[in-house]
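Breakdown of the fold
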Amino acid sequence: MRKVAIIAAALVALVSPVTAADKGGPHATLEQILTAKPSALSGCFVEAGLQGTFLAAGDRASNGALGAGCQLRIDRAFLGANIRGFFGEAETRGGSLGARLGFALNPNVDLYGLLDWRAPDFKLGSVGQLYAGAGLETTLFVDGLSGFVEASTAVSKWGAGTSRDDVATIIGLRWRFR
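Computed from a predicted model, the values in this text were never measured in an experiment. (Residues numbered from 1 in each chain as written. Predicted model: local features only at pLDDT ≥ 70, side-chain atom pairs only at ≥ 80, totals over all residues. Heavy atoms only, no water.)

Section: the overall build of the protein
The test is simple: What counts as a helix is a DSSP run of H or I of at least four residues, what counts as a strand is a run of E of at least two, and both are numbered from the N terminus. With a 1.4 Å probe rolled over the protein chains alone, any residue whose accessible area is under 20% of its type maximum counts as buried; one over 50% counts as exposed, and the rest are partly exposed. The contact definition used throughout considers only heavy atoms, calling two residues in contact when any of these lie within 4.5 Å. The accessible surface values rely on the Shrake-Rupley method and a 1.4 Å probe; as for residues, cover is taken only from the protein chains in view.
Within the protein, the regular secondary structure consists of two helices and eight strands. Its helices and strands in sequence order give the protein the pattern α-α-β-β-β-β-β-β-β-β, from N to C terminus. Buried positions account for 38% of the 178 residues belonging to the protein. Taking the intrachain contacts of the protein between residues at least 6 apart in sequence as the baseline, contacts between residues at least 24 apart amount to 57%. When the accessible area of the protein is evaluated, it comes to approximately 9,700 Å², of which 68% is carbon and sulfur surface.

So this is what it looks like as structure tokens:
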């Protein structure tokens, strides 16, 4: 988990646009901060990424991840939902339905908590695990493109063939429809 936090911090530092502190202008007032324009990270999106799962038995697995979702913004807060498919190694191949609740740290960076129901072999109603975690998303240099990193851990399971101690990470790109 520490490596994920370091990677997330480096990603934000490298790709976030500079802000007023770097431009030598006057400092922003509290009112300006609270009424800043809403995040550029809103609307519906498609995503692609790499997912790593660290299984309770000590095994590690990696997959490609494809998904889609939408976010509803209320000022700087947002509520989002997504669906994903994980393709690759048999032990961790499957699908997920997720929800996110977050806050725009600035117009280019979102921080959010997430809940994800993951099921092997896309059998969402028969077996699965509930994951809870956090994510960070930041705009990149191309309009509509953002990078994200998420880390979560299994908090509950249902059905046979799932382990409770799995930890999952995802790093990827999102393309937002404008």
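Having put the structure on the table, let's press on.
Overview of the packing of aromatic side chains
Selection criterion: Pairing of aromatic rings covers Phe, Tyr and the six-membered ring of Trp, with a centre-to-centre limit of 6.5 Å; geometry is then stacked below 30 degrees between planes, edge-to-face above 60, and tilted otherwise. Our definition puts a charge over a ring when NZ of Lys or CZ of Arg is within 6 Å of the ring centre and also within 35 degrees of the ring normal.
All told, the structure shown has one aromatic pair when counted by the stated rule. Arranged with centres 6.2 Å apart and planes meeting at 70°, the rings of Phe 78 and Tyr 112 form a pair that is edge-to-face. Pair noted here: Phe 78 is in strand E3 (residues 77–88) and Tyr 112 is in strand E5 (residues 109–120), with a separation of 34 residues, a long-range link. Per residue, the accessibility class of Phe 78 equals that of Tyr 112, and both read buried. The ring of Phe 45 carries Arg 174 above its face, with NZ or CZ at 4.9 Å from the centroid. Between Arg 174 and the ring centre of Phe 148, over which it is positioned, the NZ or CZ distance is 3.9 Å.

Examining the pairing of E5
Operational definition: Whether two strands pair comes down to DSSP finding at least two bridges between them.
Judged from the twelve bridges that link them, strand E4 (residues 94–106) and E5 form a sheet pairing that is antiparallel. When the bridges of E5 are listed, Arg 100 appears paired with Leu 114. Here E5 pairs with strand E6 (residues 128–139) via ten bridges, running antiparallel. Bridge pairing in E6 places Leu 114 opposite Gly 133.

Focus: the pattern of salt bridges
Here is the rule we go by: Put simply, a salt bridge is a Lys or Arg side-chain nitrogen that is within 4 Å of an Asp or Glu carboxyl oxygen.
Evaluated as defined, the whole model comprises nine salt bridges. Here Arg 84 makes a salt bridge to Glu 47, at a shortest N to O gap of 2.3 Å. Within this pair, whereas Arg 84 is found in strand E3, its partner Glu 47 is found in strand E1 (residues 43–54), the two being separated by 37 residues in sequence. Residue Arg 84 shares its accessibility class with Glu 47, and that shared class is buried.

Some points on the nonpolar core
For the record, the criterion: Think of a nonpolar core as a cluster: buried Ala, Val, Leu, Ile, Met, Phe, Trp, Tyr and Cys residues, connected wherever their side-chain atoms sit within 4.5 Å.
Listed in full, the seven residues of the largest apolar core are Ala 65, Phe 78, Phe 86, Tyr 112, Leu 114, Phe 148 and Ile 170. Listing elements by their share of this core, those giving two or more residues are E3 and E5.

A short note on the side chain of Ser 152
Topologically, Ser 152 is positioned in strand E7 (residues 145–158). Contact partners of Ser 152, with chain neighbours within four places excluded, come to Leu 114, Arg 118, Tyr 131, Ala 132, Gly 133, Asp 166, Val 167 and Ala 168.

A closer look at the environment of Glu 137
Put simply, the rule is: Counting of polar contacts relies on pairs of N or O atoms within 3.5 Å, with two restrictions inside protein: one atom must be capable of donating a hydrogen and the other of accepting it, and residues adjacent in sequence are counted only when both atoms are side-chain atoms.
Tracing the backbone through its elements, the reader meets Glu 137 in strand E6. Spatially, the C-alpha atoms of Glu 137 and Glu 150 are 8.7 Å apart, while their sequence positions differ by 13 residues. Within polar-contact distance, the side chain of Glu 137 engages the side chain of Arg 174 at 3.0 Å.

Points about the environment of Gly 67
One can find Gly 67 in strand E2 (residues 60–74). Relative accessible area serves as the criterion here: at 14%, Gly 67 is assigned to the buried category. Sequence separation between Gly 67 and Phe 45 is 22 residues; the distance between their C-alpha atoms is 8.5 Å. Look past the residues within four positions of Gly 67 in its chain and what remains in contact with it is Val 46, Glu 47, Ile 83 and Arg 84.

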